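Results of the structural survey
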Amino acid sequence: METELVVIDEENINTEAEKAINHAGEIIKRGGLVAFPTETVYGLGGDALNPESSRKIYAAKGRPSDNPLIVHIADTEDLKLITEDVSETAVKLAKAFWPGPLTMIMNKSDKVPLETTGGLGTVAIRMPNNKIALELIKASGGYIAAPSANTSGRPSPTVARYCVEDLSGKIDMIIDGGQVGIGLESTIVDLTSDVPMILRPGYITADMIEKVIGKVSIDKTIIDSSSTLKPKAPGMKYKHYAPKGVLTIVSGPQDKVVEFINAETEKAKAEGKKCGVIGTDSTITLYKADTIKNLGKRDDENAIAHELFKALREFDDEGIDVMFSESFDDSGIGMAIMNRLLKAAGHNVIVL
Ligand code: AMP
Ligand code: MG
């Protein structure tokens, strides 16, 4: 299959861009797949109400079919068709955070095929905060199922070239809307339990949600590497976000971390391996690896989130065998950053 590639500037959706979005909407309506930008990461979209489209999404990504898809809508009113009932809690959260990086899990209506929900009776729903995405959802009939637009297991794409790398030839179209704003996937909150539970941390933190609806709980498996519990979001049990080489997170006092990483990279280099390091503004000049990625200021969590997946994909581009990353504070958005980093490293952590 030939994959069409179009570039659209979110800040300038002119008539040509509108035409391209309408064309993409038609592709989705007739059962095809389109990768598109959202504010979190790029999504791989198909018609959420068409079981055949969902099957195609799993096939294109190589995603296990028990890992449900998130349904993207452009109008809160559209919740009614695809859920059993829209609770007061859901309305409050939608008002506070949509369009935005919050996914809510609710009981599904029979309009949503089990192929889209990985066989579950619940459905995950969000409204993305990106003009291209919102226009595309409207143009395609209102309901786009879209997981991240990467081959299953690899870091999610925050720029279109990684959608091209993973999906070119397998899907109908890719819309390049530039580098995404946030860089980590949405927060997922399950509203079907008595106390709403965060199943995946993201840009919207537990504190932000609690200010709107009161107490929420957090799935213990999110950052606890020793936990033998099964995560409540089926997708969270899979190895994910991983670069091709071996990644180790090193935590401890800054000078010790730098010293340790430099000693380890020296050893690896002596064995003929290519080494990469993920550091921050305050340490970046101190490392001696082949490739050094600076995620920005340690206390600027937004910048770190924005750069993390790109850094991991670039390590793959550069053929890096051995990687070390500094560790980050896991409060606030830091919980989402550490959750992704720990998964990328297969929970391979050294504490000094
Ligand atoms: P992705 O689309 O790649 O961002 O992954 C979607 C995430 O949402 C996966 O971790 C899924 O397991 C999770 N998810 C989607 N639908 C549900 C649901 N109905 N119940 C629990 N988790 C869900
Ligand atoms: Mg994903």
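A brief look at the structure comes next.

Looking now at the overall build of the chain. When you go through the chain residue by residue, the secondary structure sums to ten helices and 16 strands. At 20 Å, the chain has a C-alpha radius of gyration in line with the 20 Å of a compact globule built from 352 residues. Buried positions account for 55% of the 352 residues belonging to the chain. Considering only residue pairs separated by 6 or more positions, the chain has 70% of its internal contacts joining residues 24 or more positions apart. Within the chain, one finds 40 positive and 51 negative side-chain charges whose respective centroids are separated by 3 Å.

On to the packing of aromatic side chains, then. The tally for this structure, following the rule as stated, stands at one aromatic pair. Relative to F309, the ring of Y241 has its centre 5.2 Å away and its plane inclined at 25°; by these criteria the two rings are stacked. You can see Y241 sitting in the loop between strand 11 (217-218) and strand 12 (246-251) and its partner F309 sitting in helix 9 (residues 301-317), a full 68 residues away along the chain. The burial state of Y241 is the same as that of F309; both residues are buried.

On to the nonpolar core. In this structure, I73, W98, L102, M104, L136 and I175 are the most contacted members of the largest nonpolar core, which totals 64 residues. Non-local contacts of I73, meaning those with residues more than four positions away in its chain, are made with D78, L79, I82, W98, I125, R126, M127, P128, L134, I137, G142 and Y143. Of all hydrophobic cores here, the second largest spans 24 residues; its members include L247, A305, I337 and A344.

Here we come to the side chain of S53. Turning to its location among the elements, S53 is positioned in helix 2 (residues 51-61). Overall, the relative accessible area of 0% leaves S53 in the buried class. For S53, the residues in contact, after removing those within four places along its chain, are G31, L33, G46 and D47.

Another point: the environment of I333. Following the sequence through the fold, I333 ends up in the loop between strand 15 (322-326) and helix 10 (334-344). On the accessibility criterion, I333 (11% relative accessible area) is buried. Taking the C-alpha atoms as reference points, I333 and D176, 157 residues apart in sequence, are found 26 Å from one another. Dropping the residues within four chain positions of it, I333 is found in contact with G202, Y203, T205, E301 and N302.

On to the pairing of strand 13 (residues 275-279), then. Taken residue by residue, a regular strand's side chains alternate between the two faces of the sheet. With five of its five residues buried, strand 13 lies for the most part within the structure. Of the two faces of strand 13, both are covered, the one formed by C275, V277 and G279 as well as the one formed by G276 and I278. Judged from the four bridges that link them, strand 13 and strand 15 form a sheet pairing that is parallel. Considered in strand 15, the bridge of V277 is made with F324.

The subject of this paragraph is the site of ligand 1. Lining the immediate surroundings of ligand 1 are 19 residues, of which R63, T122, P147, R200 and G235 lie closest. S148 is positioned such that a nitrogen or oxygen atom in its side chain is 3.2 Å from an oxygen atom of ligand 1. A distance of 2.9 Å separates an oxygen atom of ligand 1 from a polar atom in the side chain of R200. The fraction of the free accessible surface of ligand 1 (490 Å²) that becomes covered by protein chains is 96%.

This part covers the packing of helix 4 (residues 88-97) against helix 7 (residues 206-213). Interhelical geometry of helix 4 versus helix 7 gives an angle of 125° and a closest axis separation of 9 Å. Accordingly, the angle class assigned to the pair helix 4 and helix 7 is oblique. Considering the relative orientation of helix 4 and helix 7, their crossing is right-handed. Residues T89, K92, L93, A96 and F97 of helix 4 lie in contact with helix 7, whose contacting residues are M208, I209, V212 and I213. Within the contact of helix 4 with helix 7, the residues separate by chemical class into seven nonpolar, one polar and one charged.

Strands sit in the order 14-13-15-12-16 across an open sheet of five strands; the sheet is parallel. Two strands in the sheet have a free side with no partner beyond their single neighbour: strand 14 (291-294) and strand 16 (349-351). Recorded for the sheet is a direction-independent mean angle of 20° between the axes of neighbouring strands. Its contacts with the sheet put helix 8 (residues 254-270) on strand 12, strand 13, strand 15 and strand 16, and the angle it makes with strand 15 is roughly 175°.

Rules used in this analysis
Residues numbered from 1 in each chain as written. Chains lettered and ligands numbered in written order. Predicted model: local features only at pLDDT ≥ 70, side-chain atom pairs only at ≥ 80, totals over all residues. Heavy atoms only, no water. Helix = DSSP H or I, 4+ residues; strand = E, 2+ residues; numbered from the N terminus. Rg over C-alpha atoms; globule rule 2.2 N^0.38 Å. Buried < 20%, exposed > 50% of the residue type's maximum accessible area, 1.4 Å probe, protein only. Contact = heavy atoms within 4.5 Å. Lys, Arg positive; Asp, Glu negative; His and termini not counted. Charge placed at Lys NZ, Arg CZ, Asp CG, Glu CD. Phe/Tyr/Trp six-rings, centres within 6.5 Å; stacked < 30°, edge-to-face > 60°. Core = buried A, V, L, I, M, F, W, Y, C linked by side-chain atoms within 4.5 Å. Pairing = 2+ DSSP bridges. Near = heavy atom within 4 Å. Polar contact = N/O pair within 3.5 Å; in protein donor to acceptor, adjacent residues only side chain to side chain. Areas by Shrake-Rupley, 256 points an atom, 1.4 Å probe, with all protein chains shown as cover. Axes fitted to C-alpha atoms, helices over the stretch in contact; angles between N-to-C directions. Parallel < 35°, antiparallel > 145°, perpendicular 65-115°, else oblique. Left-handed = near helix turned anticlockwise from the far one by under 90°. Nonpolar A, V, L, I, M, F, W, Y, C, P; charged D, E, K, R; others polar.

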